[in-house]
Amino acid sequence: MHSGSGPNRTVLATTHRQLDFRALAVTMGSLLVLAFATATATATQADAQRRPIRDRARGGMAQRGEAPAAQDRQSVQVGGRSRTFILRVPQTVARGAPLPLVIVLHGGGGNAENAERMTGFTALVEREEILVAYPDGSGRQQRNMLLTWNADHCCAYAMQNKVDDVAFIDALITQVARTYSVDPQRVYVTGMSNGAMMSHRLGRELSHRIAAIAPVVGAVFGDEAVASSPVSAIMINGLKDESVPADGGPPGGLAKSQWDGTPTLPNVDQGNYWARSNGCSAAPSSSEQRQIISWRWSCPPGLAVEVHQVRNGGHAWPGGKAGSKRGDRPSNVMDATELIWAFFKAHPKQTR
(Lines give C-alpha, C1' and ligand atoms only; values in the text may rest on other atoms or scores of the structure.)
Protein backbone atom coordinates (compact mmCIF):
# COMPACT_ATOMS: atom_id res chain seq x y z
CA MET A 1 0.00 0.00 0.00
CA HIS A 2 1.32 3.50 -0.87
CA SER A 3 1.93 5.38 2.41
CA GLY A 4 2.06 8.98 1.01
CA SER A 5 4.65 11.62 2.17
CA GLY A 6 5.22 14.45 4.69
CA PRO A 7 2.95 14.72 7.73
CA ASN A 8 0.74 11.86 6.55
CA ARG A 9 3.72 9.47 6.72
CA THR A 10 4.40 10.49 10.37
CA VAL A 11 0.75 9.95 11.28
CA LEU A 12 0.69 6.56 9.58
CA ALA A 13 3.90 5.46 11.27
CA THR A 14 2.51 6.44 14.66
CA THR A 15 -0.73 4.60 13.87
CA HIS A 16 1.17 1.48 12.83
CA ARG A 17 3.12 1.48 16.12
CA GLN A 18 -0.13 1.82 18.05
CA LEU A 19 -1.69 -1.02 16.06
CA ASP A 20 1.41 -3.18 16.55
CA PHE A 21 1.26 -2.60 20.30
CA ARG A 22 -2.45 -3.37 20.40
CA ALA A 23 -1.95 -6.50 18.29
CA LEU A 24 0.83 -7.63 20.61
CA ALA A 25 -1.41 -7.06 23.63
CA VAL A 26 -4.23 -8.99 21.99
CA THR A 27 -1.86 -11.82 21.06
CA MET A 28 -0.42 -12.02 24.57
CA GLY A 29 -3.91 -11.99 26.00
CA SER A 30 -4.98 -14.75 23.64
CA LEU A 31 -1.97 -16.84 24.60
CA LEU A 32 -2.75 -16.39 28.29
CA VAL A 33 -6.37 -17.40 27.68
CA LEU A 34 -5.25 -20.37 25.60
CA ALA A 35 -2.74 -21.43 28.25
CA PHE A 36 -5.39 -21.16 30.96
CA ALA A 37 -7.91 -23.08 28.87
CA THR A 38 -5.36 -25.79 28.07
CA ALA A 39 -4.35 -26.16 31.72
CA THR A 40 -7.99 -26.26 32.77
CA ALA A 41 -8.85 -28.86 30.12
CA THR A 42 -5.87 -31.00 31.12
CA ALA A 43 -6.85 -30.85 34.78
CA THR A 44 -10.47 -31.62 33.88
CA GLN A 45 -9.45 -34.60 31.75
CA ALA A 46 -7.16 -35.93 34.48
CA ASP A 47 -9.93 -35.55 37.04
CA ALA A 48 -12.41 -37.23 34.70
CA GLN A 49 -10.13 -40.20 34.17
CA ARG A 50 -9.97 -40.71 37.95
CA ARG A 51 -13.76 -40.93 38.24
CA PRO A 52 -15.23 -44.45 38.39
CA ILE A 53 -18.17 -43.29 36.25
CA ARG A 54 -17.79 -40.64 33.57
CA ASP A 55 -20.25 -37.84 34.25
CA ARG A 56 -18.69 -35.21 32.03
CA ALA A 57 -20.69 -33.94 29.06
CA ARG A 58 -19.75 -35.27 25.67
CA GLY A 59 -22.31 -33.40 23.66
CA GLY A 60 -24.61 -36.42 23.56
CA MET A 61 -23.87 -40.11 23.35
CA ALA A 62 -22.27 -41.49 20.24
CA GLN A 63 -24.86 -42.60 17.74
CA ARG A 64 -24.77 -45.48 15.29
CA GLY A 65 -21.76 -45.06 13.00
CA GLU A 66 -19.97 -42.37 15.03
CA ALA A 67 -16.23 -42.88 15.40
CA PRO A 68 -15.12 -43.59 18.98
CA ALA A 69 -13.35 -40.84 20.91
CA ALA A 70 -9.88 -41.58 22.27
CA GLN A 71 -11.17 -42.31 25.77
CA ASP A 72 -13.62 -44.88 24.38
CA ARG A 73 -10.96 -47.19 22.90
CA GLN A 74 -9.15 -49.38 25.41
CA SER A 75 -6.74 -52.28 25.33
CA VAL A 76 -5.84 -55.26 27.49
CA GLN A 77 -2.87 -57.62 27.31
CA VAL A 78 -3.83 -61.26 26.81
CA GLY A 79 -1.41 -64.06 25.94
CA GLY A 80 1.25 -61.67 24.66
CA ARG A 81 -1.25 -59.83 22.46
CA SER A 82 -2.64 -56.33 22.89
CA ARG A 83 -6.38 -56.75 22.41
CA THR A 84 -8.60 -53.74 21.85
CA PHE A 85 -12.22 -52.79 22.42
CA ILE A 86 -14.51 -49.78 22.36
CA LEU A 87 -16.32 -49.04 25.60
CA ARG A 88 -19.41 -46.82 25.73
CA VAL A 89 -20.37 -45.42 29.14
CA PRO A 90 -23.41 -43.41 30.25
CA GLN A 91 -22.72 -39.72 30.88
CA THR A 92 -24.47 -39.58 34.24
CA VAL A 93 -25.33 -42.35 36.66
CA ALA A 94 -25.59 -42.54 40.41
CA ARG A 95 -22.03 -42.86 41.69
CA GLY A 96 -21.28 -46.44 42.62
CA ALA A 97 -24.51 -47.80 41.16
CA PRO A 98 -23.81 -51.23 39.64
CA LEU A 99 -24.31 -51.24 35.87
CA PRO A 100 -25.10 -54.04 33.42
CA LEU A 101 -22.34 -54.80 30.90
CA VAL A 102 -23.31 -55.87 27.37
CA ILE A 103 -20.55 -57.25 25.12
CA VAL A 104 -21.31 -57.05 21.38
CA LEU A 105 -19.22 -59.22 19.03
CA HIS A 106 -18.83 -58.35 15.35
CA GLY A 107 -19.20 -60.89 12.57
CA GLY A 108 -16.36 -62.53 10.64
CA GLY A 109 -14.39 -59.91 8.72
CA GLY A 110 -15.77 -57.05 10.82
CA ASN A 111 -14.47 -55.01 13.75
CA ALA A 112 -15.69 -53.10 16.79
CA GLU A 113 -16.88 -50.06 14.82
CA ASN A 114 -18.73 -52.33 12.44
CA ALA A 115 -20.57 -54.03 15.32
CA GLU A 116 -21.55 -50.70 16.83
CA ARG A 117 -22.87 -49.33 13.55
CA MET A 118 -24.68 -52.53 12.62
CA THR A 119 -26.48 -53.18 15.92
CA GLY A 120 -27.05 -49.67 17.29
CA PHE A 121 -26.59 -50.86 20.89
CA THR A 122 -24.95 -47.53 21.77
CA ALA A 123 -28.33 -45.83 21.51
CA LEU A 124 -29.34 -47.77 24.66
CA VAL A 125 -26.35 -46.73 26.77
CA GLU A 126 -27.82 -43.50 28.09
CA ARG A 127 -31.48 -44.52 28.11
CA GLU A 128 -30.90 -47.79 29.98
CA GLU A 129 -27.76 -46.76 31.91
CA ILE A 130 -25.68 -49.67 30.67
CA LEU A 131 -22.06 -50.23 29.69
CA VAL A 132 -21.56 -51.57 26.18
CA ALA A 133 -18.25 -53.05 24.99
CA TYR A 134 -17.43 -53.73 21.34
CA PRO A 135 -14.30 -55.93 21.17
CA ASP A 136 -12.07 -56.42 18.13
CA GLY A 137 -11.30 -59.93 16.95
CA SER A 138 -7.89 -60.78 15.48
CA GLY A 139 -6.45 -60.95 11.98
CA ARG A 140 -3.31 -61.00 9.88
CA GLN A 141 -3.26 -57.27 9.15
CA GLN A 142 -2.01 -54.64 11.59
CA ARG A 143 -5.11 -52.53 11.13
CA ASN A 144 -8.49 -53.58 12.51
CA MET A 145 -9.63 -55.21 9.28
CA LEU A 146 -10.90 -58.69 8.40
CA LEU A 147 -11.03 -59.77 12.04
CA THR A 148 -12.49 -63.05 13.27
CA TRP A 149 -13.21 -65.01 16.46
CA ASN A 150 -12.05 -68.48 17.40
CA ALA A 151 -15.40 -70.19 17.84
CA ASP A 152 -13.87 -73.69 17.49
CA HIS A 153 -15.12 -74.50 13.96
CA CYS A 154 -15.04 -70.93 12.65
CA CYS A 155 -13.44 -68.66 11.56
CA ALA A 156 -10.30 -67.92 9.51
CA TYR A 157 -7.26 -66.40 11.28
CA ALA A 158 -8.53 -66.71 14.86
CA MET A 159 -9.60 -70.33 14.38
CA GLN A 160 -6.49 -71.33 12.42
CA ASN A 161 -4.14 -69.76 15.00
CA LYS A 162 -6.14 -70.98 18.00
CA VAL A 163 -6.43 -67.47 19.40
CA ASP A 164 -7.66 -67.55 23.00
CA ASP A 165 -10.67 -65.27 22.64
CA VAL A 166 -12.26 -66.70 25.78
CA ALA A 167 -9.33 -65.39 27.81
CA PHE A 168 -9.65 -62.02 26.03
CA ILE A 169 -13.31 -61.53 26.92
CA ASP A 170 -12.67 -62.77 30.45
CA ALA A 171 -9.91 -60.15 30.80
CA LEU A 172 -12.12 -57.48 29.24
CA ILE A 173 -14.84 -58.09 31.85
CA THR A 174 -12.26 -57.93 34.65
CA GLN A 175 -10.69 -54.71 33.35
CA VAL A 176 -14.01 -52.91 32.88
CA ALA A 177 -15.08 -54.00 36.38
CA ARG A 178 -11.91 -52.46 37.86
CA THR A 179 -12.80 -49.05 36.44
CA TYR A 180 -16.58 -49.05 36.60
CA SER A 181 -19.13 -50.53 38.95
CA VAL A 182 -20.20 -53.59 36.93
CA ASP A 183 -23.05 -55.68 38.29
CA PRO A 184 -21.61 -59.22 38.29
CA GLN A 185 -25.13 -60.63 37.99
CA ARG A 186 -25.78 -58.70 34.75
CA VAL A 187 -22.99 -59.44 32.28
CA TYR A 188 -24.34 -60.32 28.83
CA VAL A 189 -22.92 -61.30 25.43
CA THR A 190 -24.42 -60.97 21.97
CA GLY A 191 -22.94 -61.18 18.49
CA MET A 192 -23.60 -61.84 14.83
CA SER A 193 -22.54 -64.79 12.66
CA ASN A 194 -18.97 -65.70 13.73
CA GLY A 195 -19.66 -63.43 16.73
CA ALA A 196 -22.84 -65.42 17.41
CA MET A 197 -20.88 -68.68 17.43
CA MET A 198 -18.39 -67.02 19.78
CA SER A 199 -21.30 -65.96 22.00
CA HIS A 200 -22.25 -69.64 22.32
CA ARG A 201 -18.66 -70.54 23.24
CA LEU A 202 -18.42 -67.74 25.81
CA GLY A 203 -21.72 -68.81 27.31
CA ARG A 204 -20.32 -72.32 27.75
CA GLU A 205 -16.81 -71.49 28.93
CA LEU A 206 -17.55 -68.35 30.96
CA SER A 207 -20.90 -69.55 32.29
CA HIS A 208 -19.79 -68.57 35.80
CA ARG A 209 -19.64 -64.90 34.71
CA ILE A 210 -22.24 -64.52 31.95
CA ALA A 211 -25.95 -64.25 32.75
CA ALA A 212 -27.38 -64.55 29.23
CA ILE A 213 -26.34 -64.67 25.58
CA ALA A 214 -28.02 -63.64 22.34
CA PRO A 215 -26.48 -65.19 19.20
CA VAL A 216 -27.82 -63.65 15.96
CA VAL A 217 -27.58 -65.74 12.74
CA GLY A 218 -25.35 -68.22 14.52
CA ALA A 219 -25.36 -71.99 15.03
CA VAL A 220 -24.14 -74.92 17.11
CA PHE A 221 -22.36 -77.99 15.76
CA GLY A 222 -23.37 -80.79 18.11
CA ASP A 223 -20.02 -81.40 19.84
CA GLU A 224 -20.37 -78.67 22.48
CA ALA A 225 -19.83 -79.58 26.13
CA VAL A 226 -22.62 -78.76 28.59
CA ALA A 227 -22.17 -75.42 30.36
CA SER A 228 -21.27 -75.75 34.03
CA SER A 229 -23.60 -72.93 35.12
CA PRO A 230 -27.05 -71.87 33.82
CA VAL A 231 -27.10 -69.23 31.06
CA SER A 232 -30.32 -67.88 29.59
CA ALA A 233 -30.24 -67.71 25.81
CA ILE A 234 -32.20 -66.04 23.02
CA MET A 235 -31.29 -66.93 19.44
CA ILE A 236 -32.36 -65.10 16.27
CA ASN A 237 -31.98 -66.52 12.75
CA GLY A 238 -33.25 -65.92 9.23
CA LEU A 239 -34.99 -68.60 7.18
CA LYS A 240 -33.40 -67.18 4.02
CA ASP A 241 -29.87 -67.24 5.44
CA GLU A 242 -27.52 -68.95 2.97
CA SER A 243 -24.42 -68.62 5.15
CA VAL A 244 -25.93 -70.41 8.15
CA PRO A 245 -28.73 -72.54 6.64
CA ALA A 246 -31.85 -72.86 8.78
CA ASP A 247 -31.91 -76.65 8.35
CA GLY A 248 -28.21 -77.02 9.11
CA GLY A 249 -25.52 -78.52 6.91
CA PRO A 250 -22.27 -77.29 5.38
CA PRO A 251 -21.51 -73.58 5.72
CA GLY A 252 -22.40 -71.40 2.76
CA GLY A 253 -22.25 -67.78 1.63
CA LEU A 254 -19.26 -65.58 0.95
CA ALA A 255 -17.11 -66.85 3.82
CA LYS A 256 -17.68 -70.61 3.60
CA SER A 257 -13.98 -71.22 2.92
CA GLN A 258 -13.12 -69.62 6.27
CA TRP A 259 -14.80 -72.42 8.27
CA ASP A 260 -13.27 -75.82 8.97
CA GLY A 261 -16.16 -77.44 7.09
CA THR A 262 -17.98 -78.94 10.07
CA PRO A 263 -21.71 -78.89 9.28
CA THR A 264 -24.01 -76.95 11.56
CA LEU A 265 -27.13 -78.31 13.21
CA PRO A 266 -30.56 -76.82 12.41
CA ASN A 267 -31.31 -73.47 14.01
CA VAL A 268 -33.67 -74.93 16.61
CA ASP A 269 -30.86 -77.10 18.00
CA GLN A 270 -29.29 -73.99 19.51
CA GLY A 271 -32.30 -73.91 21.81
CA ASN A 272 -32.13 -77.64 22.42
CA TYR A 273 -28.52 -77.30 23.56
CA TRP A 274 -29.24 -74.52 26.07
CA ALA A 275 -32.43 -76.25 27.25
CA ARG A 276 -30.32 -79.30 28.19
CA SER A 277 -27.68 -77.16 29.89
CA ASN A 278 -30.28 -75.22 31.88
CA GLY A 279 -32.52 -78.12 32.89
CA CYS A 280 -35.44 -76.95 30.72
CA SER A 281 -38.11 -79.05 29.03
CA ALA A 282 -37.05 -81.32 26.20
CA ALA A 283 -39.64 -80.00 23.73
CA PRO A 284 -40.45 -76.32 23.09
CA SER A 285 -43.77 -74.69 22.40
CA SER A 286 -44.05 -72.79 19.11
CA SER A 287 -45.93 -69.75 17.86
CA GLU A 288 -45.87 -67.40 14.86
CA GLN A 289 -46.49 -63.67 14.71
CA ARG A 290 -45.57 -61.04 12.11
CA GLN A 291 -43.45 -63.46 10.04
CA ILE A 292 -41.53 -64.53 13.13
CA ILE A 293 -41.62 -68.20 14.17
CA SER A 294 -40.76 -68.60 17.85
CA TRP A 295 -39.84 -71.58 20.02
CA ARG A 296 -39.77 -71.33 23.81
CA TRP A 297 -38.72 -74.00 26.31
CA SER A 298 -40.15 -74.32 29.79
CA CYS A 299 -37.25 -73.60 32.16
CA PRO A 300 -36.58 -73.33 35.90
CA PRO A 301 -37.46 -69.98 37.51
CA GLY A 302 -35.28 -67.11 36.35
CA LEU A 303 -34.06 -68.92 33.22
CA ALA A 304 -35.29 -68.78 29.64
CA VAL A 305 -34.41 -70.27 26.26
CA GLU A 306 -35.92 -68.90 23.03
CA VAL A 307 -35.28 -69.27 19.29
CA HIS A 308 -36.83 -66.81 16.84
CA GLN A 309 -36.69 -67.34 13.07
CA VAL A 310 -37.54 -64.48 10.69
CA ARG A 311 -39.26 -65.76 7.55
CA ASN A 312 -37.81 -63.10 5.24
CA GLY A 313 -34.55 -62.79 7.17
CA GLY A 314 -31.15 -63.41 5.61
CA HIS A 315 -27.66 -63.28 7.11
CA ALA A 316 -28.14 -59.89 8.77
CA TRP A 317 -29.04 -58.16 12.06
CA PRO A 318 -32.86 -57.61 12.00
CA GLY A 319 -33.74 -53.96 12.41
CA GLY A 320 -30.11 -52.90 12.15
CA LYS A 321 -27.74 -52.04 9.32
CA ALA A 322 -26.10 -54.35 6.81
CA GLY A 323 -22.68 -55.54 7.90
CA SER A 324 -21.17 -54.70 4.49
CA LYS A 325 -22.13 -53.54 1.00
CA ARG A 326 -22.18 -57.16 -0.17
CA GLY A 327 -24.08 -58.39 2.89
CA ASP A 328 -27.78 -59.25 3.11
CA ARG A 329 -30.24 -56.44 3.82
CA PRO A 330 -31.68 -56.65 7.36
CA SER A 331 -35.33 -57.55 7.79
CA ASN A 332 -37.50 -54.82 9.32
CA VAL A 333 -40.09 -57.09 10.97
CA MET A 334 -38.03 -57.16 14.19
CA ASP A 335 -35.74 -54.84 16.12
CA ALA A 336 -33.24 -57.42 17.33
CA THR A 337 -31.38 -54.96 19.56
CA GLU A 338 -34.50 -53.96 21.51
CA LEU A 339 -35.67 -57.58 21.77
CA ILE A 340 -32.27 -58.73 23.01
CA TRP A 341 -31.97 -55.98 25.61
CA ALA A 342 -35.50 -56.71 26.94
CA PHE A 343 -34.48 -60.37 27.28
CA PHE A 344 -31.19 -59.50 29.00
CA LYS A 345 -32.91 -57.06 31.35
CA ALA A 346 -35.34 -59.76 32.47
CA HIS A 347 -32.65 -62.41 33.06
CA PRO A 348 -29.89 -61.64 35.56
CA LYS A 349 -27.47 -64.41 36.53
CA GLN A 350 -28.96 -67.55 38.08
CA THR A 351 -27.09 -70.23 39.98
CA ARG A 352 -28.01 -73.85 40.54
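About the thresholds
- Residues numbered from 1 in each chain as written.
- Predicted model: local features only at pLDDT ≥ 70, side-chain atom pairs only at ≥ 80, totals over all residues.
- Heavy atoms only, no water.
- Phe/Tyr/Trp six-rings, centres within 6.5 Å; stacked < 30°, edge-to-face > 60°.
- Helix = DSSP H or I, 4+ residues; strand = E, 2+ residues; numbered from the N terminus.
- Buried < 20%, exposed > 50% of the residue type's maximum accessible area, 1.4 Å probe, protein only.
- Expected span 1.5 Å × (residues − 1).
- Contact = heavy atoms within 4.5 Å.
- Salt bridge = Lys/Arg side-chain N within 4 Å of Asp/Glu carboxyl O.

Student: Quick one: what's the story with the packing of aromatic side chains, residue by residue and with numbers?
Tutor: Aromatic rings in a pair are described by how distant their centres are and how their planes are angled relative to each other. Applying the stated criterion to the full structure yields five aromatic pairs. Considering the side-chain rings of Phe-221 and Trp-259, the 6.3 Å spacing of their centres and the 70° angle between planes classify their relative orientation as edge-to-face. Placement of Phe-221 in the loop between strand S6 (212–216) and strand S7 (232–238) and of Trp-259 in the loop between S7 and helix H7 (268–278) is noted, with a sequence separation of 38 residues between them. Exposure remark for Phe-221: the relative accessible area of 9% places this residue in the buried category. Among the aromatic residues, ring-to-ring pairing joins Tyr-188, Trp-341 and Phe-344 into one connected group.

Student: Can you explain helix H6 (residues 194–205)? Please cite residues and give values.
Tutor: End to end, H6 covers 16 Å across twelve residues, agreeing with the expected 16 Å (1.5 Å per residue, within 8%). In terms of residue burial, H6 counts as a mostly covered element, since eleven of its twelve residues are buried. Every buried residue of H6 is listed here: Asn-194, Gly-195, Ala-196, Met-197, Met-198, Ser-199, His-200, Arg-201, Leu-202, Gly-203 and Arg-204. In this structure, the buried residues of H6 make contact with strand S3 (99–105), helix H5 (165–179), strand S5 (182–192), S6, S7 and H7.

Student: Any details on the pattern of salt bridges? Residues and values, ideally.
Tutor: Under the counting rule described, the total for this entry stands at 15 salt bridges. Arg-127 is the salt-bridge partner of Glu-338, the closest N and O atoms lying 3.0 Å from each other. You can see Glu-338 sitting in helix H8 (residues 336–346) and its partner Arg-127 sitting in helix H3 (residues 123–128), a full 211 residues away along the chain. A relative accessible area of 31% places Glu-338 in the partly exposed class. A relative accessible area of 48% means that Arg-127 is categorised as partly exposed. Of the charged contacts, one joins Lys-345 and Glu-128 as a salt bridge, the two residues approaching to 3.0 Å between their closest N and O atoms. Linking Lys-345 in helix H8 with Glu-128 in helix H3, this pair joins segments that are 217 residues apart in sequence. Judged by relative accessible area, which is 53%, Lys-345 ranks as exposed. The network of salt bridges with common partners includes Arg-127, Glu-128, Glu-338 and Lys-345.

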